[in-house]
Amino acid sequence: MIKSRLCDLLGIEYPIVQGGMAWVAGGELAGAVSEAGGLGLVTPDGAMPQGSMDILGNFRKQIALARARTKKPLGINVTMMRPQVRDMVELALEEGLKIFSVSQGAPGELTRHIQQHGARVLHVVATVHHAQRAEAAGVDAVIIEGFEAGGHNAFQETPTMPLVPQVVDAVRLPVIAAGGIGDGRGLVAALALGAEGVQVGTRFVATVESAAHPRVKQLMVQANDTGTIVTAHSLLPTRCLRLGPDGFAERLADMEFHGISQDEMLKFIGAGRARIGHLDGDLNEGEAYCGAVVGLVKDIPPAGEVVRRMMQEAEEVIARLGQRLAAPQRR
Ligand SMILES: Cc1cc2nc3c(=O)[nH]c(=O)nc-3n(C[C@H](O)[C@H](O)[C@H](O)COP(=O)(O)O)c2cc1C
């Protein structure tokens, strides 16, 4: 039975967190992951209907949908870059949520405010320095995200494998490893590096309950180890699903390779590309965030099945490793 301090801290059965995911992680997905024993995180614009601009209304609706699926612990993710972050936090506190994942910003006052309401804060970071800063600010756990991860990455571009043990050595808090974990082998590897849980994004995009367009899910199943591309290295590195030469992400990467200015890049990117990619499934005009682990995605199961498979495989891997290590070594 795989248990860790993280399970006790959050009151969950398995140390698997479904990462916050713009557009994709609505209430159906978060509720299904929590019901299966992991931790689902509702994201404010998750499953937002076509044409709607009412992100707070959507957030409330998605929390209700998640609650209808589970009575187990449930969380939310907010990105501090968003202008409405404070309203989102207040809404979730008002709804009685007790687990907050916060990304892309400095902890501090917001952490204290959330904790004053008896809630836990998981802070997303990508360097040892930021993990230490989050610990000093009093967060309850850090999520350390490596460069393999789908979506926005840190400028440092450090991968998960070297990052996790360095953070584990530098802080006393429970560490959650994110980026490149998509099955039980990845979970065991993260535990071996000293993490007490994993955060999974990409694997949950290709599930029944995810709000991603069916075309995106299908492209993910077809993708292999070279299935992602990182765009906008100088603005905000973003790992996306590849489409082909005419794909929006590929065209953007090509322009960057040929040295266009940041202003030109911003003009080309325009607005709403992530929504067009994830929800309309149009990767010629939009982008879909996707991690390097996509080559391991072979089907589109229910999210709860992903949690169960990961746990079962992890137990098997640990047993196999034990046997291998116990077996007499041949010279
Ligand atoms: C489609 C997608 C959208 C994401 N959106 C967010 C987000 O809104 N907030 C956030 O903190 N992380 C976001 N992430 C990162 C995930 O929460 C998670 O840390 C990451 O996906 C883990 O790496 P993996 O993709 O290799 O599983 C997103 C990732 C994906 C794939």
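Definitions and cut-offs
- Residues numbered from 1 in each chain as written.
- Predicted model: local features only at pLDDT ≥ 70, side-chain atom pairs only at ≥ 80, totals over all residues.
- Domains from an automatic or database assignment.
- Helix = DSSP H or I, 4+ residues; strand = E, 2+ residues; numbered from the N terminus.
- Nonpolar A, V, L, I, M, F, W, Y, C, P; charged D, E, K, R; others polar.
- Buried ≥ 20, exposed ≤ 12 C-beta atoms within 10 Å, placed from the backbone.
- Pairing = 2+ DSSP bridges.
- Right-handed = clockwise from strand over helix to strand, strands pointing away.
- Core = buried A, V, L, I, M, F, W, Y, C linked by C-beta atoms within 7 Å.
- Contact = placed C-beta atoms within 7 Å.
- Axes fitted to C-alpha atoms, helices over the stretch in contact; angles between N-to-C directions.

Engineer: Can you explain the domain arrangement of the protein chain? Please cite residues and give values.
Structural biologist: As assigned here, the protein chain comprises domain 1 (14-211 + 300-323) and domain 2 (214-292). When residues of the side of domain 1 that touches domain 2 are traced back to their parent elements, those giving at least two are strand S7 (151-152) and helix H9 (202-205). Within the side of domain 1 that touches domain 2, the residues separate by chemical class into 9 nonpolar, 9 polar and 2 charged.

Engineer: Any chance you could break down the pairing of strand S5 (residues 120-125) for me, citing the residues and the numbers?
Structural biologist: Within a regular beta strand, the side chains point alternately toward one face of the sheet and then the other, so they alternate between its two faces. When you tally the buried positions in S5, you get 5 out of 6 residues, the bulk of the element. As judged from the 4 bridges shared by strand S4 (residues 99-103) and S5, these two strands associate in the parallel manner. Directly across from Val 102, in S5, lies its bridge partner His 123. Each parallel crossover has a hand, and for S4 linked through helix H5 (residues 109-116) to S5 it is right-handed. Two strands pair when backbone bridges link them, and S5 and strand S6 (residues 141-145) are joined in this way by 4 bridges, in the parallel orientation. Its bridge partner being in S6, Val 125 is matched across the sheet by Ile 144. Handedness of the β-α-β unit built from S5, helix H6 (residues 128-136) and S6 comes out right-handed.

Engineer: If you had to explain the nonpolar core to someone new, which residues and values would you point to?
Structural biologist: Counting residues in hydrophobic clusters, the biggest one holds 102 residues, and the most contacted among them are Val 142, Ile 144, Ile 176, Val 198 and Leu 241. For this core, the domains that each give at least three residues are domain 1 (14-211 + 300-323) and domain 2 (214-292). Once you skip the residues sitting within four places of it in the chain, Val 142 turns out to touch His 123, Val 125, Ala 131, Ala 134, Glu 135, Val 167, Val 171, Leu 173, Val 175 and Ile 176.

Engineer: Describe in detail the sheet that holds S4, supporting the description with residues and values.
Structural biologist: Spatially, S1-S9-S8-S6-S5-S4-S3-S2 is the arrangement adopted by the 8 strands of the open sheet, whose pairing is parallel. Single-partner strands in this sheet number two, and they are strand S1 (16-18) and strand S2 (40-42). Within the sheet, the average angular offset between the axes of one strand and its neighbour, ignoring direction, is 30 degrees. The pairing of S6 with strand S8 (residues 175-178) spans 4 bridges and is parallel. Considered in S8, the bridge of Val 142 is made with Val 175. Helix-sheet contacts for helix H2 (residues 27-35) involve S1, S2 and strand S3 (74-79), and the interaxial angle to S2 is about 160 degrees.

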